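What follows is the residue order along each chain.
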Amino acid sequence: MTYPKPSFTPATPAPAPTVAAPAPIANPAAVKPSALPELGRRAKAAAGIVLPPILTVLVALALWQALVGDSYAGLPSPKQVWLESKDLILKPFYDNGGVDKGLFWHVFTSLKRVGIGFSISAVCGILLGVFVGSNRWAHRGLDPIFQVLRTVPPLAWLPISLAAFHQAQPSALFVIFITAIWPIIINTAVGVRNIPSDYVNVAKVLRLSPVEYFFKILLPATTPYIFTGLRIGIGMSWLAIVASEMLLGGVGIGFFIWDQYNASRIADIIVALAWVGMTGFFLDRLVALIGHFVSRGNAAS
Amino acid sequence: MAKAYLSIENVGVTFAKGAARTEVLSGVDLKIEKGEFVSIIGHSGCGKSTLLNVVAGLTPVTTGAVILDKQEVNAPGPDRAVVFQNHSLLPWLSVRENVSLAVDKVFGGKKSAAERRDWTLHNLELVKMTHALDKRPSEISGGMKQRVGIARALSMEPKVLLLDEPFGALDALTRAHLQDSVMEIHAALNNTVLMITHDVDEATLLSDRIVMMTNGPRACVGQVLDVPLARPRDRLAVAEHPTYVHARASVIEFLYARRAA
């Protein structure tokens, strides 16, 4: 039980530079005096956003260390993870050929797969969603089926897609595709069904053709819903990566986790999980950002 | 009898929802001349919006017909531009784009790109909205949105301009400003206007004739009142005018005394 204390010590220097940040700026005479409180306020605001998650992580690590201790059975402690997987943490870009690569390359390969699978499901999902949303009978016929299918977990699609495609590569992409498509279809359909009747009336008075209606009214009116679907979808497709790469083998973060599990290298899995989580977070933010730009900041209205 | 410019002939509308049938309008007759400003007033739910939608072509008639400039109305079109109650501007388009969407669609084959751009600007000038061309609807006030809605409708050069309670959602001061604007535009362009309202003063000030509708279901035209006040009308000067006071009193009498039961 001596470990909690040393693990707390790095916590104190960490916030120090952020808090002290305004101080060095005060020295150069070039900075206008009126700019100083502004900078100070910004630094304070930034610290207010950055510090709480850092502190939470440190507290969690300390708790984890305290609970697991140094026994070498079962879950490794943070200290053991650091000792065992130091190379993996510090050198994400190494490449010794074959499967022996840094985690960056594994994640990169997986991202390419998700990129292909997710792109196909985005295109198909939006088109199907528009169809289901604008056709009452299609909605009545298909929506219940979609609602059932969307609850099927990625792992369950695996044997089915293998049986259908016989090959690993298309099956893996299909698992990503089928996992991501449901929220995209469902949200797009909801968006199409919720187009305000006023916009439809405007289109009628202007006598817009179906193609003009699609591009000038339907798509922009549904964009916020589509991007909600895409955001959930990209999260789901990233969730499916482990399941889909269990098939493929070779390079990829999903197969890496599976491989390390078979080799009982739990510490490596923990490092890989951190990568998976961070990547998923950035994917989500990326889609949200694209959505913000595409809907010109109108997502709320 | 000479054919009127806009003729609503024996129009009846019945909505069927499952087995339930509601007869909203029954035997509505109304003739409107070119350049006339006609208001339709009535209690909420009497079917005045339905009547406007019939003229717009958005609601099909069950019986009767609407004839505009010798042609029967059976579908919506830009010759009957509507200013909707809640502005219905497209939030992803700027003020200018909202109007140019209509201009490009209606005059796409007839005017050059430069002419269409000028025409868009001209109509936004009419409603005094050129200061906010590149703003989005969410960035301007309710009154401004309604101005843009009017500019969009005017830009289609409609044969008849349909106003569906256009100022209902606005505060009294903004409403007065917009009413003055509508009067100015009507004086300048001499449009044929059909306006739905539930505001007695608004109807009396703006209209050449006020059409009072009976309460639904099976609503029809109860009474038509001429407002023979000279134009241009000034809201302050006109307020004390015997014709105005009399017209206003008759409408109130119709709405509250005779139909109260």
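The rules behind the values
- Residues numbered from 1 in each chain as written.
- Chains lettered and ligands numbered in written order.
- Predicted model: local features only at pLDDT ≥ 70, side-chain atom pairs only at ≥ 80, totals over all residues.
- Heavy atoms only, no water.
- Helix = DSSP H or I, 4+ residues; strand = E, 2+ residues; numbered from the N terminus.
- Buried < 20%, exposed > 50% of the residue type's maximum accessible area, 1.4 Å probe, protein only.
- Contact = heavy atoms within 4.5 Å.
- Areas by Shrake-Rupley, 256 points an atom, 1.4 Å probe, with all protein chains shown as cover.
- pLDDT = per-residue confidence, 0-100.
- Salt bridge = Lys/Arg side-chain N within 4 Å of Asp/Glu carboxyl O.
- Buried area = accessible area lost by both parts, 1.4 Å probe.
- Polar contact = N/O pair within 3.5 Å; in protein donor to acceptor, adjacent residues only side chain to side chain.
- Nonpolar A, V, L, I, M, F, W, Y, C, P; charged D, E, K, R; others polar.

1. Describing the overall build of chain A
From N to C terminus, chain A includes 15 helices and zero strands. Burial status across chain A gives 37% buried among its 301 residues. Counted over contacts in chain A with a minimum sequence separation of 6, partners at least 24 positions apart contribute 66%. In the structure as shown, chain A presents an accessible area of about 16700 Å², 71% of it carried by carbon and sulfur atoms.

2. Here we look at the confidence of the model for chain B
Mean pLDDT over chain B works out to 89, with 98% of the residues at or above the 70 mark. Both scores are available for the predicted complex, with the pTM at 0.78 and the ipTM at 0.87.

3. Observations concerning the pattern of salt bridges
Taken as a whole and assessed by the stated rule, the structure comprises 20 salt bridges over all chains. Note that Glu23 of chain B is salt-bridged to Arg218 of chain B, the shortest N-O span being 2.7 Å. Here Glu23 of chain B is found in strand β2 (residues 20-32), whereas its partner Arg218 of chain B is found in the loop between β9 (209-213) and β10 (221-226), with 195 residues between them in sequence. What makes Arg218 of chain B partly exposed here is its relative accessible area of 49%. With a shortest N-O distance of 4.0 Å, Lys48 of chain B and Glu165 of chain B are connected by a salt bridge. Of this pair, Lys48 of chain B sits in helix α1 (residues 48-56) while Glu165 of chain B sits in the loop between β7 (160-164) and α5 (172-189), and the two are 117 residues apart along the sequence. Exposure class is identical for Lys48 of chain B and Glu165 of chain B. Each is buried. Through salt bridges with shared partners, one network takes in Glu38, Arg41 and Arg42 of chain A.

4. Focus on the interface of chain B and chain A
In this assembly, 24 residues from chain B lie in contact with 18 residues from chain A. Counting the surface lost from both chain B and chain A, the interface buries some 1900 Å², and carbon and sulfur atoms represent 64% of this. Considering only the side of chain B, the residues that lose the most area to chain A are Trp92, Leu101 and Lys105 of chain B, jointly responsible for 34% of the buried surface there. The interface formed by chain B and chain A holds one salt bridge in total. Taking the shortest distance from any N to any O, the salt bridge between Lys105 of chain B and Glu212 of chain A comes out at 2.9 Å. At the surface where chain B touches chain A, the tally comes to five residue pairs in polar contact (both at pLDDT 80 or more). With five residues, helix α2 (residues 95-107) of chain B is the single largest residue contributor to the side of chain B that touches chain A. Tallied by class, residues from the side of chain B that touches chain A come to 15 nonpolar, four polar and five charged.

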